[in-house]
Amino acid sequence: MQSRRVVITGIGAITSIGIGKDDFWKNIIAGKSGISEIERFDVSKFDIKRAGEIKNFKPENFILKTILKKIGRASQLAIAATKFVLEDSKLKINKTEAKELGVIIGTTMGEIPSLEIIDRFWTEKGEEDIYSSNVAKYPVNNLSNNIGHYFGFGGENYVIPTACAAGNYCIGYALDLIRFGRKKVMLVGGADPLSRIALTGFSRLFAMAPEKCQPFDKNRKGMMMGEGAAILVIEDLENAEKRNAKIYAEILGYGLSCDAYNMTIPSEKGINKVIEKAIKNSGIKKEDIDYISAHGTGTGPNDKAETAAIKDVFGDNAKRIPISSIKSMLGHTMGTASALEAMICCLVIQNGIIPPTINYETPDPECDLDYVPNKARQKEINTALNDSFAFGGNNACVVLRKYI
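Right, let's walk through the structure included here. (Residues numbered from 1 in each chain as written. Predicted model: local features only at pLDDT ≥ 70, side-chain atom pairs only at ≥ 80, totals over all residues. Heavy atoms only, no water.)

### Concerning helix α12 (residues 300-314)
Side chains three or four residues apart in an α-helix point the same way, a direct result of the helix having 3.6 residues per turn.
Next up, step 1: If you check α12, its first and last C-alpha atoms are 22 Å apart, about what 15 residues at 1.5 Å a residue would give, namely 21 Å.
Next up, step 2: Restricting attention to buried positions, one finds in α12 the residues Asn302, Asp303, Ala305, Glu306, Thr307, Ala309, Ile310, Val313 and Phe314.
Next up, step 3: On its buried face, α12 is in contact with α11 (268-282), β10 (291-293), β11 (323-324) and β14 (383-390).
Next up, step 4: The N-capping residue of α12, defined by a side-chain oxygen 3.3 Å from the backbone nitrogen of Asn302, is Thr299. (Helix = DSSP H or I, 4+ residues; strand = E, 2+ residues; numbered from the N terminus. Expected span 1.5 Å × (residues − 1). Buried < 20%, exposed > 50% of the residue type's maximum accessible area, 1.4 Å probe, protein only. Contact = heavy atoms within 4.5 Å. Polar contact = N/O pair within 3.5 Å; in protein donor to acceptor, adjacent residues only side chain to side chain.)

The following block contains the structure:
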């Protein structure tokens, strides 16, 4: 059976630098930082007190109050992003189509703030005083389930919790479902909230920078935490053309690898393998890639390994490919990250503007590629590679191309 062509026809985002696609993109290309002092919870006992916290999100503007009290923050962010993406895509969904529309969401921590509330009640008041409503909010499958329930979507409904690579995993799975005729339209993306547990964990790994994220800089000190949600509409090309949808980009293919090299340290060989697989599965040549959205966390091992793998895969051509990391502006949004970065690839392809890697001050001899330092760049881009590498070597890369 001939496989179908698959395209992206809608994007929606809730981030620390913009609510909705337009604000997000405007601030991304301006190189605006979303890193600020954490206000959501008390950080007086933490060494790290800054993150990409979303300050101006009002969930009651997006979600009915009767539903709002029943769902956690990650679901709130995801539902709001879904509202944006449905508006952007101009999907007109009847009841029959809604029953078939599937939702796949990636995450790292899920509704972890609900567990923090449970823990606090348990330790301060005892097990008997834990509200069942907080327990009900916690299960990770709530992310996709709450979207499906809120909008009446009854198709495939999954959460893929492969941490920092989860968004790309979701895109790849939806691509398979549509390419082989099982679905016509899917909603995919990621959502993760800021939490004490995540801040504690990454602090104990000594992987956090105190003030700012500086991917690929010689003096980089680590990652910054972030939060957000990103949802994309992925659609069969024939269906998209039939309804005259705006097409952001075509998804050519993806690659996955699970090298299990180390729980936290990335493997250059694992990254090399996943990039090679993504390019091969997309049916293109390495020379066709003319932009890379980097995983670019700002940690010493990640940026060094990613740079080395890119040089190994692309050879002398690596130096001509512009590479940028939006984590320099947003921090690391965990399960949302690669979904947001897929959106960036779409917008880069659409607008011919490459976002900068901000906070780049001192070149690193071991990271010696073109990271689009500090200022956005105008350049026509036809084919983009979206990198994402998670703990345990759970890696996923997606290739997107300008729709022709």
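### Re helix α5 (residues 112-124)
Next up, step 1: With 13 residues, α5 should cover 18 Å at 1.5 Å per step; its first-to-last C-alpha distance of 19 Å lies within 8% of that length.
Next up, step 2: Turning to α5, its buried residues are Ile112, Pro113, Ser114, Glu116, Ile118 and Phe121.
Next up, step 3: Buried residues in α5 make contact with α6 (132-137) and α9 (196-204).
Next up, step 4: One or two positions beyond α5, positive phi appears at Gly126, with a value near 115 degrees.

### A look at the packing of aromatic side chains
Next up, step 1: Enumeration over the complete set of coordinates arrives at eight aromatic pairs.
Next up, step 2: Ring centres of Phe216 and Tyr371 lie 4.1 Å apart, and the angle between their planes is 5 degrees; on these two criteria the pair is classed as stacked. Of this pair, Phe216 sits in the loop between α9 and β8 (228-236) while Tyr371 sits in the loop between β12 (353-354) and β13 (377-378), placing them 155 residues apart in sequence. Assigned by exposure class, Phe216 and Tyr371 land together as buried. (Phe/Tyr/Trp six-rings, centres within 6.5 Å; stacked < 30°, edge-to-face > 60°.)

### A word on the packing of α11 against α12
Next up, step 1: It is the contact of α11 with α12, at a shortest axis distance of 8 Å, that shows an interaxial angle of 45 degrees. Judged by the angle between their axes, α11 and α12 are oblique. Crossing hand, α11 versus α12: right-handed. Residues Glu268, Ile271, Asn272, Ile275, Glu276 and Ile279 of α11 touch α12, and the partners they reach there are Ala305, Glu306, Ala308, Ala309, Ile310, Asp312, Val313 and Phe314.
Next up, step 2: Taken together, the residues of the contact of α11 with α12 break down into nine nonpolar, one polar and four charged. (Axes fitted to C-alpha atoms, helices over the stretch in contact; angles between N-to-C directions. Parallel < 35°, antiparallel > 145°, perpendicular 65-115°, else oblique. Left-handed = near helix turned anticlockwise from the far one by under 90°. Nonpolar A, V, L, I, M, F, W, Y, C, P; charged D, E, K, R; others polar.)

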